[in-house]
Amino acid sequence: MNAPAAPLPAGVPVAMGRNPAALTAPADEMVLRALAGSPGKLVYRDAQGRHCEEHLGIGLRPAGRRGTYCFMNLEAVVPELPARLAPAGIEARAIDRVNLYISPPGAGTPLHFDARTVIVVQLSGRKLWQVAGEPALADPRRNVVADEAAGAAEHEGQPLVLPEEMRFAQLEPGDWLLVPAGTWHGTYSAGGSVSATLAFGEGTRPDLARLTDHRPPPRGQRLIC
């Protein structure tokens with residue numbers, strides 16, 4: 001595991017940009033090598049629309065149902081992967097987790113937020129992201145999945161209000177998206193997608209001043225993913 005970087009100021013906004021270096025042959029080779037030794041799970045919704053996860057063990061293998069494959073901690077197999085996938089200006093030592101998501105056509109994730117700030121790098125296909133303009137919590141203790149049917153969510157017993165307005169980003173191969181910790185987001189991929197999520201260590205945030213070509217995604221009304 002990489003040593004944590006020094007914490008950076010809070011208040012990091014949602015932003016997106018380009019990183020063509022993530023699409024090179026060396027990056028592909030590292031990802032494939034990491035996949036062979038990383039634990040995976042299948043993420044899907046049951047007949048009632050509830051979020052479910054099924055652990056699959058080490059390496060890519062068929063699952064008994066349709067859903068999104070998630071492979072975790074690829075950096076433990078290939079330590080140089082964060083430096084290869086991260087946008088220029090992001091220190092690799094600030095990244096302590098790399099997960100990979102393989103989504104079939106029509107797959108998506110419900111509205112939720114993560115306890116860590118992440119940068120998503122699109123590797124293949126397209127994925128539509130909707131992301132709240134600001135975090136629901138400044139210091140979330142755990143990941144939270146919203147009950148979109150009820151329009152409600154809670155964190156450590158505290159009720160949370162779901163946002164009505166979101167920012168929208170259609171990620172193409174080579175695009176990246178920064179999602180701050182505690183920020184509601186959901187995804188949908190019409191034609192299938194492969195993307196990597198680079199998570200920052202606890203208490204560590206990126207410095208956007210070091211990034212080039214970053215911009216905020218446009219706004220719109222929240223959709224049900």
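Scroll up to find the structure.
Residues numbered from 1 in each chain as written. Predicted model: local features only at pLDDT ≥ 70, side-chain atom pairs only at ≥ 80, totals over all residues. Heavy atoms only, no water.

**A few points about the overall build of the protein chain**
Inference 1: Assigned secondary structure in the protein chain consists of two helices and 16 strands.
Inference 2: Relative to its 225 residues, the protein chain shows a buried fraction of 49%.
Inference 3: Within the protein chain, residue pairs in contact and separated by at least 24 positions form 82% of the contacts whose partners lie at least 6 positions apart.
Inference 4: As displayed, the protein chain has an accessible area near 10600 Å², and 55% of this comes from carbon and sulfur atoms. (Helix = DSSP H or I, 4+ residues; strand = E, 2+ residues; numbered from the N terminus. Buried < 20%, exposed > 50% of the residue type's maximum accessible area, 1.4 Å probe, protein only. Contact = heavy atoms within 4.5 Å. Areas by Shrake-Rupley, 256 points an atom, 1.4 Å probe, with all protein chains shown as cover.)

**Observations regarding the pattern of salt bridges**
Inference 1: Tallied over the full model, the rule gives eleven salt bridges.
Inference 2: Put simply, Glu29 and Arg33 hold a salt bridge, and the shortest N to O gap is 3.0 Å. A residue pair is termed a helical-turn pair when its members lie 3 or 4 positions apart in one helix, as Glu29 and Arg33 do in helix 1 (residues 25-36) at four residues.
Inference 3: For Arg33, a relative accessible area of 37% gives the class partly exposed.
Inference 4: A salt bridge links Glu154 to Arg142; the nearest nitrogen and oxygen atoms lie 3.1 Å apart. With a gap of twelve residues between them, Glu154 in strand 10 (residues 153-155) and Arg142 in the loop between strand 8 (127-131) and strand 9 (144-145) connect regions that are remote in the sequence.
Inference 5: Classification of Glu154 as partly exposed rests on a relative accessible area of 39%.
Inference 6: Taken together, the salt bridges that share partners define one network made up of Glu29, Arg33 and Glu80. (Salt bridge = Lys/Arg side-chain N within 4 Å of Asp/Glu carboxyl O.)

**Details of the nonpolar core**
Inference 1: If you look at the biggest cluster of nonpolar residues, it comprises 31 residues, and the most contacted ones within it are Leu81, Leu85, Leu100, Leu123 and Leu198.
Inference 2: Looking at this core, the element that brings in the most residues is helix 1, giving five residues.
Inference 3: Setting aside its immediate chain neighbours within four residues, Leu85 contacts Asn19, Ala22, Ala27, Val98, Val121, Leu123, Ala196 and Leu198.
Inference 4: Counting twelve residues, the second-largest nonpolar core is a separate cluster that includes Leu111, Ala132, Leu137 and Leu160. (Core = buried A, V, L, I, M, F, W, Y, C linked by side-chain atoms within 4.5 Å.)

**Observations concerning the packing of aromatic side chains**
Inference 1: One pass over the full model with this rule turns up two aromatic pairs.
Inference 2: Measuring from ring centre to ring centre gives 6.2 Å for Tyr69 and Phe71, while their planes differ by 5°; the resulting arrangement is stacked.
Inference 3: For Tyr69, a relative accessible area of 17% corresponds to the buried category.
Inference 4: Taken together, a centroid distance of 4.7 Å and an interplanar angle of 65° make the contact between Phe113 and Trp184 edge-to-face. (Phe/Tyr/Trp six-rings, centres within 6.5 Å; stacked < 30°, edge-to-face > 60°.)

**Some points on the side chain of Thr68**
Inference 1: Secondary-structure assignment places Thr68 in strand 4 (residues 68-71).
Inference 2: According to the relative accessible area criterion, Thr68 is buried, its value standing at 7%.

**Some words on helix 1**
Inference 1: Look at helix 1: 17 Å from first C-alpha to last across twelve residues, which is about the 16 Å you get at 1.5 Å a residue.
Inference 2: Within the span of helix 1, buried status applies to Ala27, Met30, Val31, Ala34 and Leu35. Along the axis of helix 1, the buried positions cluster into a sector of 135°, meaning they face one direction only. Residues of helix 1 that are exposed and point over 90 degrees away from its buried face: Ala25, Leu32 and Ala36.
Inference 3: In this structure, the buried side of helix 1 is in contact with strand 4, helix 2 (81-85), strand 5 (95-103) and strand 7 (118-125). (Expected span 1.5 Å × (residues − 1). Arc of directions from axis to C-beta.)

**Re the environment of Thr117**
Inference 1: By secondary structure assignment, the location of Thr117 is in the loop between strand 6 (107-113) and strand 7.
Inference 2: Separated by 62 residues in the primary sequence, Thr117 and Val179 place their C-alpha atoms 5.9 Å from one another.
Inference 3: Discounting residues that sit within four places of it in the chain, Thr117 has contacts with Leu178, Val179, Pro180, Ala181, Leu198, Ala199, Phe200, Arg205 and Pro206.

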